[in-house]
Amino acid sequence: LGMLHVGGGAQGVESGARGSFTFLRVLRVLKLQRYVRDDESFSKLQLALGFLPSATRRTDLPLARVVLTLASLVLVTSGFLFEYEPQ
């Protein structure tokens, strides 16, 4: 998704039309979903962040899923609104 780019700014775009898909960069936040897929990948994320996986509760993984899902929805929605909001 990071390589997707159509048009070259104002030169290659008709007036009034959106020619770039740079707002798709916001979708990169969805890559974080792979770390809350299962207990093993969540343990890797905890180690990378400096937490001990043994010190976490049973509810931490579902809570992380909810928080990450809500953050993804907010970031993607705000990216779309920012890109298509009238100037």
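Right, let's walk through the structure included here.

## Let's talk about the overall build of the protein chain
When you go through the protein chain residue by residue, the secondary structure sums to two helices and zero strands. By sequence separation, contacts in the protein chain at least 24 residues apart represent 56% of the contacts at least 6 residues apart. As presented, the protein chain carries roughly 6900 Å² of accessible surface, and 63% of it is formed by carbon and sulfur atoms.

## As for the side chain of Ser 41
Along the chain, the position of Ser 41 falls in helix α1 (residues 39-49). A polar contact is formed between the side chain of Ser 41 and the side chain of Asp 38, at a distance of 2.6 Å. Not counting the four nearest positions on each side in its chain, Ser 41 is found in contact with Arg 34, Tyr 35 and Val 36.

## Thoughts on α1
Of all the residues in α1, the buried ones are Ser 41, Phe 42 and Gln 46. The arc that holds every buried residue of α1, seen down its axis, measures 145°, which confines them to one face. Of the exposed residues in α1, those oriented more than 90 degrees away from the buried face are Glu 40, Lys 44, Leu 47 and Ala 48. Contacts made by the buried residues of α1 are with α2 (60-84). Downstream of α1 by a residue or two, Gly 50 has a phi angle that is positive, lying close to 95°.

## Regarding a nonpolar patch on the surface
Among the surface-exposed residues, Val 66, Leu 70 and Leu 73 lie close enough to one another that they form a single nonpolar patch of about 280 Å² accessible area. Here Leu 70 lies in helix α2.

## Comments concerning the pattern of salt bridges
Evaluation of the coordinates by the stated rule reveals one salt bridge. Where Arg 57 meets Asp 60, a salt bridge forms, and the shortest distance between an N and an O atom there is 3.8 Å. Under the relative-accessibility criterion, Asp 60 is labelled buried at 17%.

Calculation rules
- What you see as residue numbers is a count from 1 along each chain, following the sequence as written.
- The predicted origin of the model limits local features to residues at a pLDDT of at least 70 and limits the giving and counting of side-chain atom pairs to 80 or more, whereas totals for whole chains, interfaces and linings rest on all residues.
- The basis for every side-chain value is the complete set of non-hydrogen atoms in the structure, without hydrogens or water.
- Labels follow the DSSP assignment, with helices taken as runs of H or I lasting at least four residues and strands as runs of E lasting at least two, numbered in each case from the N terminus.
- When checking whether two residues touch, look at their non-hydrogen atoms; a contact exists if any pair is within 4.5 Å.
- Per-residue and other accessible areas were derived by the Shrake-Rupley procedure at a 1.4 Å probe size, with only the shown protein chains allowed to occlude residues.
- We call two N or O atoms a polar contact when they sit within 3.5 Å, provided that within protein one can donate a hydrogen and the other can accept it, with sequence-adjacent residues counted only if both atoms are side-chain atoms.
- Burial here depends on accessible area, computed with a 1.4 Å probe over protein chains only, as a share of the maximum for the residue type. Under 20% is buried, over 50% is exposed, and the range in between is partly exposed.
- By arc we mean the arc of the directions from the helix axis to the C-beta atoms, nothing more.
- Here the term patch refers to residues with relative accessible area over 30% and no salt bridge, with like charges joined within 9 Å and nonpolar side chains (Val, Leu, Ile, Met, Phe, Trp, Tyr) within 5 Å.
- A side-chain nitrogen of Lys or Arg and a carboxyl oxygen of Asp or Glu constitute a salt bridge if their distance falls within 4 Å.

Keep in mind these numbers describe shape, not what the thing actually does.
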